Every structure is written in C-alpha cells, then in structure tokens.
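Coordinates in review
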Amino acid sequence: MQNQTQVVVIGAGIVGCSVVYHLTQMGWRDIVVLEQGPLFETGGSTSHAPGGVFQTNFSKMMTEFARYTVQLYTDLELEGQPCFYPVGGMEVAYTEARWKDLKRKAGVARSWEVEAALITPREAKDKIPLLDAKKIHGAYYVPTDGIARAVRAGEAMARAAQACGATFYGQTAVTGIEVENGRMQAVLTSRGRIATEQVLVCAGIWGPLIGRMAGVSIPLTPVQHQYTITSPLPELAGETREVVHPVLRHQDYAMYFRQHADCYGIGSYKHEPLLVDASDILSHDKAEVMPSLLAFTPQHFEAAHAAAIDLLPPLRNAELVYKINGMFSFTPDGMPVLGESLEVRGLWVAEAVWITHAGGVGRAVAEWMVDGTPAMDLHEADINRFPAHALMPSYIKIRGAQQYREVYDIIHPLQQIENPRQLRLSPFYPRQQVLGATFFENAGWEQPHWFEANKDLAQDPSWPTRSGWEALNWSPLQGGEHRATREGVALYDLSAFTKIEVKGPGALAFLQYIAVNQIDQPVGKIIYTSMLNKNGGIQCDLTITRLGSDLFLVLAGGATGLRDLAWMRLQAPADGSVQITDITSNYCGLGLWGPRGRDVLQQVCDNDISNQAFPYFTAGRLTIDLVPALALRLSYVGELGWEIYTPTEYGLRLWDILWEAGLSSGMIALGGGAFDSLRLEKGYRLWGADIHTEYTPYEAGLAWMVDFNKGDFLGREALLRIQAQGVSRKLCCMTLDDPDAVILGKEPIFADGRVLGYVTSTNRGYTVDKHIAYGYLPVPYARQGTRVEVEYFGERYKATVVKEPLYDPERRRMT
C-alpha cells in the first residue's frame, strides 16, 4: 500500500465512489480510497438500500442533487447491466390533506424543472395494478424517477476512477488520523500510515467515529429502518424483469414500495425511531450478515403491514420472506453534511447522503475540492452551519429521531421544532414573555415572531384574512406591528445576529480582498457589502463597521452568520495577521426603529444624534442612561433608527430604559413576522432566499455596491466577465393582482406558457397594501409592467412586475 497521496477517501460506498469518480473526471489522479469492508458490497447502508429514487424535494438543492443523480446512474452500466431503472415514481394521497400537499409539490416540481403530473386514482392503478384505487384521492407522478442498483453504480464509478489512476483498498480499517496545528497530516490504517494533506470522510453510519479521530463532530445518528420483501405474488406470476412498476410512496403511513420481479418490497418509517450509537455498530467479523443490518423487530412492523395490505390488497396472503432492520443516517435538520471542516483544514466530509442524492453530492463535493467552490449553492448542507449545541450527542439524537418521525410528514414552511427549545435566550426574553411573545427558533435562539400585547393595534379591514394552511405559523397581529413601526416606534431583538470581530495588522487588507465594496473608510463608517466566491456568486451579505484602524465589526444573520464566520476564517491568511473572533454571545442588541425613534433615544442619552451629527451608515458610542452602547445607524425595515449593541449583562437594563422612554410615543415590541414584511416592502434582499452563491450582484440588483476602483478582490475577474457579457436574468419585484391572494414562497412563475422562475421571497406589504413576491425572471420579462402568473396549490394568480422598492424609493424616511 502506498504511503503518501494527494487525498485519502474513507469509505467506498456509493458516496465515496461518486466523489472519487468526479474527482478523476476533473483531473485528479493521486487518490487512495480506504474501505474497512469488502469492495464493493461494503456492508454499509449502500449495500442494503432498496434503491428508490424520488427527485422532488421542497429543497432546490436536494432536488438538483437527485436530478443529476438520475442522469448519472442512467449513463452508467456494469458488465452490460444497467445501474438505474427509470420506471417512474408515484406518491399517493390517502387523505385530503396529502392530496392538497401533492398539489403544492407539483408546483415546486415546476419551479425546480422536474417533469411531473397529478394523476387520477384510475391512472394510478393503471401504473400499479396492485393498488386499491378506491382508497386514494389521486397521485403525484414523476416519469423519470426510478430504482437504482446502488452497489452496481458504485462499482461502475469506482472502475472508471481506477482507470484514471485512483487506488481502492478493501478490508483496510482506519485506526487514526494525524492532525498538527489544525491541519491534516496523515491517516493511520490497519495496513500502515498514509501521509496526506487532504482526507474526505464518506464513511456513512461510521462517520461520527472517523470525525472523532480528528477531533471533529460529524452530527449524524444511525437509525434503524425496516424493509421487507414478500413471497411471489400470483398477480405477478411469470414476471422475471427486476422492476416494471413505478416505485411507490404511501406517505400518509410513512411507507414506500418497490417491485422485485414477482415479489414486492415494503419499506416503513412507521415506528418509533430506533437509534444506534455509531460505536455500537458490530464489526464485519461479528455481524451476522453485515454491520448495517440488525435483527428484524416484528412488533415495529405490525401497523405498517396492515397499512400495506389496505393499500395493496394482493399483499394480504403473501409471506414476508426477507426482513431487515437496516441503518441509515439522520442529521439534526435532515440535510447532508458536506464541506471542509473549520477545525481541521484539509478534512472534508460528505456524510448523511442517500442513494437518491449521491451522484449530485459527488459532483458538488468534487467541484468544491478542485475549484474551491461548487457550482450549486450548498448552504443547507454546509458542515459549518451548526451552532455549538447542535454538535452535542444528546441534541443529535433528539433531532435525528424527530427527523426520522417526520421524514414523510407534511411540513409547513414555517413549522417550528418543538424539542429541544429555550437553548439560547437573549437578556430580553423575560420582558418578551410578559408581552405574550410567540417564539420561533433560529439557530437555537428564541426569537419573537409576534406579540399578543399588540392585539389592540389597529387592523385595516382591507387586509385579507387567512385560514387553513396560510394561517399556520402566522398571526394577523403582524399587520398591526408592521404599521405601528411605520407610524411610530418599535423595539426589535437583534441578539441572534452573528457578531464577528476582525482585527490585526492585516485586517483591512483581508476585508478589502474578500468584500466587493470599499472597506477603507473612516473610523465610524458602516459599509454594506457582499462577499463573493471566485465565480462571482454571492457568498455573504452583511455589514462591516470600522471601529479602529485595524478593528472591524462584521454583522451577519443569525443562522447564516455561522456559515459566514466559517467562510471568512477559511479565507483568512495563515500568518496570524488577522484574528477573527465570534463575539455573538458577548453582546446583545436592539433595533430601535420608526419615525419617533430619535425622540425616544434622545430622551435617554446626551449625545447629539441628529441626522447631521449621526448620519445614516455611521456608528458611534453612546451612553444610554448608565448603559454603554455601540449604536449603528442602520435599518433593515426602511425607517429611521439604530441598531444598539451593549455587553449582554447590560441588556435587560437597556430594554427597560428604552421601553420606559418609548411609552409616551406608543412604542411596541416588533416580531419577526412584521420584520420580514417591512424589509420586503423596502426591497431588502434576504441571503439564502433572494441571494446566494448561484446569483451575482448584477442579477440581484446589487451592482451598485461593487467598487472596481479599489483594486483586486475575490470574484473581480468573474464580475468583469459578467459585466461585459450581460446577464440573462434579474431579480424582480412583483405584486399580486388579487388583493386577497396569499402565497408562501417557492411557487413557479409563468408567462407565455412556460415557467420563468420561482418565488424567492413573499409577504404582505401592509403599507403598500399589496401582496409582494420576488423572483428571478429572464431579462425580456424583467421590465416594469410585465404580466405573469404565480401558481399556488394548482391555482394561478395574476401578478405584475413593478418598480422597486415599493416603499420610500427616495429614502426620505431614513433621515
């Protein structure tokens, strides 16, 4: 075995084989793959997975992974045998609620460019004759879904990679990982030491064990999943083809089915999660069949078996001749874990990836390793997205179990986790409780979304009421809070914002290079800027405040800020000239916004806070009563105001001082629901929705912040090319014609009989009295006055492209 290589890949299941295949396709040759089991029936999840591939997901990223995976598997073969059977995929609606949700899924399929259709019960039975059509309301059908032969596909990709120079070693266990000064040095194996500066962990259910060797938490838990295969069915007598029927989902009972020639497979999530600690997985020598299989527990299958017979009556008299509890990986948020670790440079991870997505993940991770950035936006899967508590074993188990329970549930876009809660509390939390806050969770923080104390605020009778799906996780109080902020003054909790201190002799040069705007500004100046990847995609969207010649404060979103922090650290020079520190917990913050905001603040501080003395986009230190504070003249809601930060121990005093001072001005507490509608009226972008790495400043309407005169910066060359070539799409503001219409996001946008794009952000504009939607449209359709349609649960709403921002385009309200 060789003792040195460019990269070691740990795991030769479908994910490891896919990444190595794509790395070799991109030109890498010096690759060693280590597999503790035999090649290529490794004994992991790949070896027992039934192979069903359903492409449609409410996550665009996951759908893109699956779409490419289907293309890849379709093109692969091994010794003349196919790796994918494109028999189609079907999801049936056993309940009215599911049928309605399948209409939503059909809409998002159009948004993500997946060919799909809603079909009748009779049409569903024509495709799967075993089905009792009387039991369902209809079905969702994707003709390009199908069945993957995962082991076969993995071996086919491995052989192609071997032909390009990659080397695979089976029966070779990883026994340790050497790390020095936070960087990869070597992998220790049962057959010797391999020096390497890069390691990719594709170990599946063993991932946490490998991560532990390097001192890195890989937050997943193996969970047992039941799968059975029946004896031959008379209805399929004589059938020798492996699969002809579409793969079938019965999500109302958390089940799926696939044909095995003249037999049928039944998969079930309809039981309490059966978690396994990765350290308790049996070795290959001790496992009866393979390490990822445990003994079947019939008591957990009783309800599923009855539901299977109810939907597919011919199963009634069949025996279950193959029965397993097989392990799969579940993460705290149900997404894969991808990317380079911040704790150990050179340690890459591609974990918690299922057969459905393995091809797409392999390509994306290979791009990331080779080019430094993937073509797709992967923020939902970034390994560095997790706050500290989400890496704790107890949290991983609690949330992994819940992800298993909800794997086929109907999930509302704003649905909140129920357990665990109250993990991160701002000092204002007791006051918010007294005001009757309804809290949403954000990276562990409890953030008010609306306040019952605001129930007496004026409600405009023209505002549409909501019921059913649209009314979930929403309150009419949001409209009152929105208008009260526009007309008076509001207090908003900013504590969840990620606060990053950047300092050192190299701080200015570093920020100048990674930001597109001019950072070399006077002390006290605030700069709103994007940070780009080398392709010109928007990596971060944040503000930078210069507090000293070599001292800067970076403010980013709560959930996305963790990823921003990690990305900045990964870009930082290794010479120690720049120190990047997360100071989020050190400071709390309040947004004081509204036309009466200056009156309130002036009551409790002696500083001159006039527009002349304290203009927009500047920062200054204030003493508010006895509280030391840093005030930033910023407003994400489009009104006069400040973001005010103070050491956390002063927080409660700060709230009480401002609240008492604001009583005479009718001050309210502002929740996140109205916060979003306020920013949308003003046309402010939201990273992760309106902007991310797949969009450039020229497409997103943010070209005004790009300063080519300042010198070189990351993404500059790409932007110059884009500037010369022009763009094909632009982010547009649209308003719905129907004053009572409500949409929630990700809906397809139509014109001239085709899908133009999808809704990136949407909410009611309570000041402009319109329902607002943003989305990227081809340039010919991006003109003001263009008529489009938005599809919501199968119904088309007419909309019009309008000039933005809808509210205060002259920015007079900000002064």
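The structure under discussion appears in the preceding block.
A few points on the structure.

About the thresholds
Residues numbered from 1 in each chain as written. Predicted model: local features only at pLDDT ≥ 70, side-chain atom pairs only at ≥ 80, totals over all residues. Heavy atoms only, no water. Helix = DSSP H or I, 4+ residues; strand = E, 2+ residues; numbered from the N terminus. Rg over C-alpha atoms; globule rule 2.2 N^0.38 Å. Lys, Arg positive; Asp, Glu negative; His and termini not counted. Charge placed at Lys NZ, Arg CZ, Asp CG, Glu CD. 1 Å grid on protein atoms, 1.4 Å probe; cavity = no way out; pocket = protein on both sides within 12 Å on 5 of 7 lines; lining within 4 Å. Points joined across faces, edges and corners; volume = space filled by probe spheres on them. Nonpolar A, V, L, I, M, F, W, Y, C, P; charged D, E, K, R; others polar. Phe/Tyr/Trp six-rings, centres within 6.5 Å; stacked < 30°, edge-to-face > 60°. Buried < 20%, exposed > 50% of the residue type's maximum accessible area, 1.4 Å probe, protein only. Expected span 1.5 Å × (residues − 1). Core = buried A, V, L, I, M, F, W, Y, C linked by side-chain atoms within 4.5 Å. Contact = heavy atoms within 4.5 Å. Pairing = 2+ DSSP bridges. Axes fitted to C-alpha atoms, helices over the stretch in contact; angles between N-to-C directions. Salt bridge = Lys/Arg side-chain N within 4 Å of Asp/Glu carboxyl O.

**Concerning the overall build of the chain**
Per the secondary structure count, the chain includes 19 helices and 43 strands. Its C-alpha radius of gyration of 28 Å places the chain within 12% of the 28 Å reference for a compact globule of 815 residues. Reported as C-alpha extents along the three principal axes, the dimensions of the chain are approximately 85 × 65 × 50 Å. Averaging the coordinates of the 73 positive side-chain charges in the chain and doing the same for the 90 negative ones gives two points 3 Å apart.

**Structural notes on the layout of surface pockets**
One way to see where empty space is left: roll a probe the size of a water molecule over the atoms. Put simply, the second largest pocket is a space of about 640 Å³. Looking at the second largest pocket, it is lined by 33 residues, and the ones nearest its centre are Glu340, Trp348, Trp368, Gly372 and Gln571. Elements with a contribution of two residues or more to the lining of the second largest pocket: β13 (183–189), β23 (337–340), α9 (358–371) and α14 (558–571). Sort the elements by how many residues they give to the lining of the second largest pocket and α14 lands first, with five residues. Looking at the lining of the second largest pocket residue by residue, the classes come out as twelve nonpolar, twelve polar and nine charged.

**Topic: the packing of aromatic side chains**
Across all of its chains, the model carries 30 aromatic pairs by this definition. With a centroid separation of 4.8 Å and an interplanar angle of 85°, the aromatic rings of tryptophan 112 and tyrosine 758 are classed as edge-to-face. With tryptophan 112 in the loop between α4 (96–111) and β8 (117–119) and tyrosine 758 in strand β40 (residues 754–765), this residue pair connects regions lying 646 residues apart in the sequence. There is no split in this pair, since tryptophan 112 and tyrosine 758 are both buried. Relative to phenylalanine 793, the ring of tryptophan 469 lies with its centre 6.0 Å away and its plane at 75°, an arrangement referred to as edge-to-face. Of this pair, tryptophan 469 sits in the loop between β26 (445–451) and α12 (477–487) while phenylalanine 793 sits in the loop between β42 (787–792) and β43 (795–802), and the two are 324 residues apart along the sequence. Taking relative accessible area as the criterion, phenylalanine 793 reaches 15% and is therefore assigned buried. Here the aromatic cluster, defined as three or more aromatic residues joined through ring pairs, consists of Tyr227, Tyr256, Tyr269, Phe328, Phe330, Trp354, Tyr404 and Tyr408.

**A closer look at helix α16 (residues 651–662)**
Between its first and last C-alpha, α16 extends 16 Å over twelve residues, near the 16 Å set by a 1.5 Å rise per residue. Those residues of α16 not exposed but buried are Gly651, Leu654, Trp655, Ile657, Leu658, Trp659, Ala661 and Gly662.

**Overview of the nonpolar core**
Counting 68 residues, the largest nonpolar core has Ile31, Phe65, Tyr73, Phe168, Leu200 and Leu338 as the members making the most contacts within it. Once residues lying within four places of it in the same chain are set aside, the contact partners of isoleucine 31 are Thr5, Val7, Val9, Val20, Leu23, Thr24, Gly165, Ala166 and Thr167. Among the nonpolar cores identified, the runner-up in size contains 57 residues, and Leu102, Tyr140, Tyr528 and Phe617 belong to it.

**Notes on the pairing of strand β16 (residues 221–230)**
Along β16, ten of the ten residues are buried, which leaves the element largely enclosed by surrounding structure. Of the two faces of β16, both are covered, the one formed by Thr221, Val223, His225, Tyr227 and Ile229 as well as the one formed by Pro222, Gln224, Gln226, Thr228 and Thr230. As paired elements, β16 and strand β22 (residues 320–330) share ten bridges and run antiparallel to each other. Bridging across to β22, proline 222 finds its partner in serine 329. In terms of strand pairing, β16 meets strand β20 (residues 274–275) through two bridges, oriented antiparallel. Note that in β20 the partner of glutamine 224 across the bridge is leucine 274.

**Comments concerning the environment of methionine 184**
Turning to its location among the elements, methionine 184 is positioned in strand β13. A relative accessible area of 2% places methionine 184 in the buried class. For the pair methionine 184 and proline 522, spaced 338 residues apart in sequence, the C-alpha separation works out to 40 Å. Residues in contact with methionine 184, not counting those within four places in the same chain, are Ile177, Glu178, Val179, Thr196, Glu197, Gln198, Val199, Val344, Arg345, Gly346 and Leu347.

**Points about the sheet that holds strand β31 (residues 551–556)**
Backbone-to-backbone hydrogen bonds pair the strands of a sheet. The strands run either parallel or antiparallel. Strand order in the open sheet formed by five strands is β29-β30-β31-β28-β32, with antiparallel pairing between adjacent strands. If you trace the sheet from one side to the other, it starts and ends with β29 (526–532) and β32 (579–582), each paired once. For this sheet the average axis-to-axis angle between neighbouring strands, irrespective of direction, equals 30°. As paired elements, β29 and strand β30 (residues 538–548) share seven bridges and run antiparallel to each other. Residue pairing in the sheet places methionine 531 in a bridge with cysteine 540 of β30. Each of β28 (498–503), β29, β30, β31 and β32 is contacted by α14, which is oriented at about 80° to β30, the strand it contacts most.

**Overview of the environment of isoleucine 743**
Inspection of the secondary structure puts isoleucine 743 in the loop between β38 (729–736) and β39 (748–751). A relative accessible area of 1% means that isoleucine 743 is categorised as buried. C-alpha of isoleucine 743 to C-alpha of alanine 773: the two residues are 30 residues apart in sequence and 8.4 Å apart in space. Excluding residues within four positions of it along the chain, isoleucine 743 makes contact with Leu736, Val759, Thr762, His771, Ala773, Val790, Tyr792 and Tyr797.

**Quick notes on the pattern of salt bridges**
Inspection of every chain in the model, using the stated rule, returns 41 salt bridges. The partner of arginine 122 in a salt bridge is aspartate 126, and the shortest N-O contact between them spans 3.3 Å. With a gap of four residues between them, arginine 122 and aspartate 126 both fall in helix α5 (residues 121–127), about one helical turn apart. Per residue, the accessibility class of arginine 122 equals that of aspartate 126, and both read exposed. Notably, a salt bridge pairs arginine 149 with glutamate 242, separated by 2.9 Å at the nearest N-O pair. Residue arginine 149 is found in the loop between β10 (146–148) and α6 (150–163), and its partner glutamate 242 is found in the loop between β16 and β17 (247–250); the two are separated by 93 residues along the sequence. Since its relative accessible area comes to 30%, arginine 149 is described here as partly exposed. Accessibility expressed as a relative area gives 22% for glutamate 242, which makes it partly exposed. Several salt bridges converge on common partners, so that one network encompasses Arg110, Glu789, Glu791, Arg796 and Lys798.

**Topic: unusual backbone geometry**
Between asparagine 419 and the following residue, proline 420, the backbone shows a cis peptide bond with an omega angle of 0°. Looking at where proline 420 falls in the secondary structure, it is placed in the loop between α10 (393–405) and α11 (429–434). At the junction of glutamate 804 and proline 805, the peptide bond is cis and its omega measures out at -5° in the coordinates. Backbone geometry at alanine 261 places phi at a positive 55°, although glycine is not the residue there. You can see alanine 261 is positioned in the loop between β18 (255–260) and β19 (263–268). What makes alanine 261 buried here is its relative accessible area of 16%. For aspartate 752, which is not glycine, the phi torsion reads 55° and is therefore positive. Tracing the chain through its elements places aspartate 752 in the loop between β39 and β40.

**What to know about the side chain of arginine 633**
Residue position: arginine 633 is located in the loop between β35 (627–632) and β36 (641–647). Buried within the structure, arginine 633 lacks any salt-bridge partner; aspartate 608 is the closest side chain of opposite charge, at an N-O distance of 9.7 Å.

**Here's the deal with the pairing of β28**
In terms of strand pairing, β28 meets β31 through six bridges, oriented antiparallel. Paired with threonine 498 across the bridge in β31 is alanine 556. By the bridge criterion, four bridges tie β28 to β32 in an arrangement that is antiparallel. From the neighbouring strand, valine 502 faces β32, where its bridge partner is isoleucine 580.

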